[in-house]
Amino acid sequence: MPEFCDVALPVPLEMTFTYRVGATSPVIGGRVLVPFRTTRVAGIVTALHDKPPSMTAKSVITAMDAVPVLDANLLKLGEWIAQYYIAPIGEVYRTMLPLMAEVKQTWVYTIADAGVTALYESAKVGSSKRSKKSAEELMIEYAVLDHLTNADEPVREGTLRSAAGATKATLTGMLRKKWINREDVSQVRDARRTVKVAQLKEPLTSEQSPAKLNENQQTILVALTVAGGRARVDDLNKLEVPRTTLQTLVRRGLVEIAEEPAEFAVSGIMTREPLGFDLNAAQQNALQKIQDVVEASKFSVSLLHGVTGSGKTAVYLSAMKKVLAMGRSAVLLVPEIGLTPAAAANLHRIFGEEVAILHSGLSNDERAEQWHRIHRGEARVVVGTRSAVFAPVRDLALIVVDEEHDGSYKQEETPRYNARDVAVMRGKLCNAAVVLGSATPSLESFQNSQTGKYALIELKQRVEDRPLPEVELVDLRQEFQDTGEDRVLSRRLLEEIAQRLELNEQVIILLNRRGYSAVVLCRACGETVQCKNCAIAMTHHQGSPRLECHYCGYRLPVPRKCPKCESEHIFFLGAGSEKVEEHLHAAFPQARIGRLDRDTVRGRHDFERILNQLNAGEIDLLVGTQMIAKGHDIHGVTLVGVVGADFALGFPDFRAAERTFQLLTQVAGRAGRGTTPGRVILQTYYPEHYAIQFAQKHDFNGFATKELYFRKLMHYPPFSSVANVLVRSDKLDLATRYSGEIGKWVNNTRMEGVRVMGPAAAPIVRLKRDYRYHFVVKAQSRERLNATLRAMLKNAVEREIPRTNVIVDMDAQSLL
């Protein structure tokens, strides 16, 4: 065994760390638990060697894996992500492995010399000059010191909280004063989920007859008998009997309790029609093309461009079924957690227990459990959001990226990867086929299909030759002239809704803004109520009365007076999905109305519950944000109303027109997916804008041609690569100084083929307490762009600008 190993740790440093192997047996691609500064951290072994480092190496505490958790291809994929997205390799590997639950972080505390002195002198310190609050805090601190003094061994944090009433802030303050010492004694734990099950033992004897048991004991025995002799303890605890009753039955030998592996339930969204594979000619042609590249076992990328309702999902599932028949594996990516239940339910109906689910909505233990099932080869089909692209499937043959245009595939924290592009690279490393599917492909993917880099597969008609919905524009400027009112719902839309409800048909209304009112304004002084952490107006929510920042979550009570001039003339301006719901209730009091946004979807099952109600015909009218716009196949919906379709057109972002066209086309595609033709009412202030015009005609190619013309003129993707470099600090003077110093380097450095714009204040100049300035960097060569960004970061480090204060977002999806 080599003497040393290099370990990638999840810290914001672009380097690996060398440790002495000692008595452990680490493997490349496996995890080790190592000391790092004052903590213990799990990292990935990247190399084993005998070359000693220049300083004394610490020893590995534990080798967590006997076999690699990241195989050679996944290690290479992580290296590519770190290189391309300019991210620390350790943070990349942490993102790839959802196994944090397997390290239980535990802190223990001991008293320091300064703490002993403070405790000794505490009797001499008077409290008369101290405030009541500071005196109470001191009493807690002295209680902590007293407990530590009397302890024979280091004390866990939880013990100090219960015994001395210490909070995390209390202990942090005492550490700052050096009264106590803290040590990380984290250990590897078994993260497998278990459930306690109660089971009847032998049949009751005469001495144990029900007559000799009290009523509560008999209740539990009856419940167990009805359940077939065994039931989960959690279910028995729901009975109206004391919890101690079950323990009494255990002591009397009537019941035994055992721990068993917990089952993972695949919940799903109901569909009114059975899932079938009766493909039409166009679908069969698409399937054959995908099957051909899969059977060739060569890397390829295909763009499946099909109109909404053309049966792309049936093609995906058929292709995955062929892959499993070959004894190989497949991964299906969906953009949002809300789409996972439907996809998982479909896959589970076809492939049974060979399906695994990976997304952030699972608990840490559930994610670890699903990951290990995949790693052991028990699951050969994986469905999930962007992190599922790292699933450790064996013999990967096919990766499908559904709704490949969706911005949710881009991670907005380090590493800032795009799962669509990572899927392409993983396919290349594994010689797998990659299928990118969408009714509104990203312009980058579409351009690749036009230049021959990707194969283009088209589905130009809906299944069963169903017509695309007719789109009618309502000019809100004319609506205001005719009515003299700023109406949330136009007369034409209300008229169409009434007709659909009379026919017992269903309606979806989209307003991509949650809350009740967008702005709270003082009519006396013009002041708007702003978030204290962000340069953003707070949104008014009426259901649970509050003002909320949708960026950082800060909340305030609804003001009765202006916080600046104390005027009582408070005006609530704009509309959100909550207000639309209220207007619909007033207009159609007999209708069953639901709302789908982040205010109504709080728990992990709320999304599918609401969609199940819509599928079952229990909801007539559904109001929602973009959560309702994509991927849902509801055959009863014949009308879609779009309220405020053009908000995004005013954003200072080169992708604004593309996003608007995609959202409108996607939500329009929810109408008329059954036997009854659909209709879309699109309210807009800009009916002449080309994004609106092409969306009305369902003309993706027309929109793409015009938008690509503008992109080429301005040297924006897909004709160049773009990175957004964000410089931030919670202090305005530091943010301006850092951005100014980087700006000087930009001005003094010759950059061939690279254009840097900035520094400039970011469109949202303050976000989550940080002041923000940015540079937009463009280049036709990705290599030159990457080299320039690395040189910029190196210069920032030399100027002592903290690395965490400079964020590089390669292939940025938003410049806000």
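Residues numbered from 1 in each chain as written. Predicted model: local features only at pLDDT ≥ 70, side-chain atom pairs only at ≥ 80, totals over all residues. Heavy atoms only, no water.

(A) Seen up close, the pattern of salt bridges. Counted according to the given criterion, the structure contains 50 salt bridges. Asp 395 is the salt-bridge partner of Arg 328, the closest N and O atoms lying 3.1 Å from each other. Residue Arg 328 is found in the loop between α11 (312–325) and β15 (329–333), and its partner Asp 395 is found in the loop between β17 (381–384) and β18 (396–402); the two are separated by 67 residues along the sequence. Note on Arg 328: relative accessible area 10%, which makes it buried. Each of Glu 470, Glu 472, Arg 492, Glu 495, Glu 496, Arg 500, Glu 505 and Arg 679 takes part in one network of salt bridges that share partners. (Salt bridge = Lys/Arg side-chain N within 4 Å of Asp/Glu carboxyl O. Helix = DSSP H or I, 4+ residues; strand = E, 2+ residues; numbered from the N terminus. Buried < 20%, exposed > 50% of the residue type's maximum accessible area, 1.4 Å probe, protein only.)

(B) Summary view of the sheet that holds strand β24 (residues 539–541). With antiparallel pairing, the 3 strands of this open sheet are ordered in space as β24-β25-β26. Two strands bound the open sheet, and with one partner strand each, they are β24 and β26 (555–556). Inspection of the sheet shows strand β25 (residues 546–548) paired to β26 by 2 bridges, in the antiparallel sense. Each bridged residue has a counterpart across the sheet, and for Glu 548 the counterpart in β26 is Arg 555. (Pairing = 2+ DSSP bridges.)

(C) Quick look at the environment of Asn 346. Within the secondary structure, Asn 346 sits in helix α12 (residues 340–351). For the pair Asn 346 and Lys 744, spaced 398 residues apart in sequence, the C-alpha separation works out to 56 Å.

(D) How the structure looks around the environment of Pro 261. Tracing the chain through its elements places Pro 261 in strand β13 (residues 255–261). Classification of Pro 261 by relative accessible area gives exposed; the value is 68%. A sequence separation of 62 residues divides Pro 261 from Val 323, and the C-alpha atoms of the two residues are 30 Å apart.

(E) A look at helix α18 (residues 577–587). Residues of α18 that are buried include every one of Ser 577, Glu 578, Lys 579, Val 580, Glu 581 and Leu 584, and no others. Close packing links the buried residues of α18 with α17 (491–502), β22 (506–510), β24, β28 (593–596) and β29 (621–624). (Contact = heavy atoms within 4.5 Å.)

(F) Looking closely at the sheet that holds strand β1 (residues 4–8). With respect to topology, 5 strands assemble into an open sheet ordered β2-β1-β4-β3-β5, the strand pairing being antiparallel. Where the open sheet ends on each side, the last strands, each with one partner, are β2 (17–20) and β5 (62–63). Looking at chain direction, strand β3 (residues 31–36) and strand β4 (residues 39–49) are connected through 6 bridges and run antiparallel. Residue Phe 36 lies in a different strand from β4, and its bridge partner there is Thr 39.

(G) Molecular detail of unusual backbone geometry. For the bond running from Pro 717 to Pro 718, omega is 15°, close enough to zero to count as cis. Here Pro 718 shows up in the loop between α22 (700–714) and β32 (721–729). The linkage connecting Gly 758 with the following residue, Pro 759, adopts the cis geometry, with an omega of 10°. Its identity as a non-glycine residue notwithstanding, His 715 has a phi of 60°, on the positive side. Within the secondary structure, His 715 sits in the loop between α22 and β32. For His 715, a relative accessible area of 43% corresponds to the partly exposed category. One non-glycine residue, Asp 811, lies in the positive phi region at around 55°. Tracing the backbone through its elements, the reader meets Asp 811 in the segment after β35 (806–810).

(H) Representation of helix α7 (residues 215–226) within the structure. The first and last C-alpha atoms of α7 sit 16 Å apart over 12 residues, in line with the 16 Å expected at 1.5 Å per residue. For α7, the elements touching its buried residues are β11 (194–200), β12 (230–232), α8 (233–236), α9 (244–251) and β13. The N-capping residue of α7, defined by a side-chain oxygen 3.1 Å from the backbone nitrogen of Asn 216, is Asn 214. Immediately beyond the C-terminal end of α7, within one or two residues, lies Gly 228, with a positive phi of roughly 90°. (Expected span 1.5 Å × (residues − 1). Polar contact = N/O pair within 3.5 Å; in protein donor to acceptor, adjacent residues only side chain to side chain.)

(I) The pairing of strand β30 (residues 637–642), seen in detail. Summarising burial for β30: 6 of the 6 residues are buried, a large majority. One ladder, built from 5 bridges, connects β22 with β30; its direction is parallel. Looking at the pairing, Leu 510 lines up with Val 642 of β30. Examined bridge by bridge, β30 and strand β31 (residues 679–684) share 4 bridges and lie parallel to one another. Paired with Val 640 across the two strands is Val 680, which belongs to β31. Between the parallel pair β30 and β31, the chain is carried across by helix α20 (residues 656–668), and the sense of this crossover is right-handed. (Right-handed = clockwise from strand over helix to strand, strands pointing away.)

(J) Molecular detail of the packing of aromatic side chains. Counted by the stated rule, this structure contains 13 aromatic pairs. On the basis of an interplanar angle of 75° and a centroid distance of 5.2 Å, the ring pair of Phe 17 and Phe 36 is categorised as edge-to-face. Highlighted residues: Phe 17 in strand β2 and Phe 36 in strand β3, separated in sequence by 19 residues. Under the relative-accessibility criterion, Phe 36 is labelled buried at 12%. Each ring, one from Phe 661 and one from Phe 700, has its centre 6.2 Å from the other, and the planes form 45°; the classification is tilted. Of this pair, Phe 661 sits in helix α20 while Phe 700 sits in helix α22, and the two are 39 residues apart along the sequence. With respect to class, Phe 661 is no different from Phe 700; both count as buried. Taken together, Phe 446, Phe 661, Tyr 690, Phe 700, Phe 703, Tyr 709 and Phe 710 form an aromatic cluster joined through their ring pairs. We note Arg 766 situated over the ring of Tyr 771; from NZ or CZ to the ring centre the distance is 5.0 Å. In this structure, Lys 778 is placed above the aromatic ring of Tyr 716, and the distance from its NZ or CZ to the ring centre is 4.0 Å. (Phe/Tyr/Trp six-rings, centres within 6.5 Å; stacked < 30°, edge-to-face > 60°. Lys NZ or Arg CZ within 6 Å of the ring centre and 35° of its normal.)

(K) Structural view of the packing of helix α1 (residues 72–84) against helix α2 (residues 89–96). At a minimum axis distance of 9 Å, the contact between α1 and α2 shows a crossing angle of 130°. Classified by the interaxial angle, the pair formed by α1 and α2 is oblique. The element α1 and its partner α2 pack so that their crossing is right-handed. Listed contacts from α2 to Leu 74, Leu 75, Leu 77, Gly 78, Glu 79, Ile 81 and Ala 82 of α1 are Ile 89, Val 92, Tyr 93 and Met 96. Within the contact of α1 with α2, the residues separate by chemical class into 9 nonpolar, 1 polar and 1 charged. (Axes fitted to C-alpha atoms, helices over the stretch in contact; angles between N-to-C directions. Parallel < 35°, antiparallel > 145°, perpendicular 65-115°, else oblique. Left-handed = near helix turned anticlockwise from the far one by under 90°. Nonpolar A, V, L, I, M, F, W, Y, C, P; charged D, E, K, R; others polar.)

(L) Expanded view of the pairing of β11. For β11 and β13, the ladder comprises 7 bridges, and the chain directions are antiparallel. Considered in β13, the bridge of Thr 194 is made with Pro 261. Pairing analysis gives 3 bridges linking β11 to β12, with the strands arranged antiparallel. Across the sheet, Ala 198 pairs through a bridge with Ala 231, a residue of β12.

(M) Up close: the nonpolar core. One finds Leu 70, Leu 333, Val 382, Ile 742, Val 777 and Leu 789 to be the most contacted residues of the largest nonpolar core, which totals 72 residues. For Val 777, the residues in contact, after removing those within four places along its chain, are Ser 721, Val 722, Ala 723, Val 725, Val 754, Arg 755, Val 756, Leu 785, Leu 789 and Met 792. Membership of the second largest hydrophobic core comes to 39 residues, among which are Val 642, Ala 645, Phe 703 and Ala 704. (Core = buried A, V, L, I, M, F, W, Y, C linked by side-chain atoms within 4.5 Å.)

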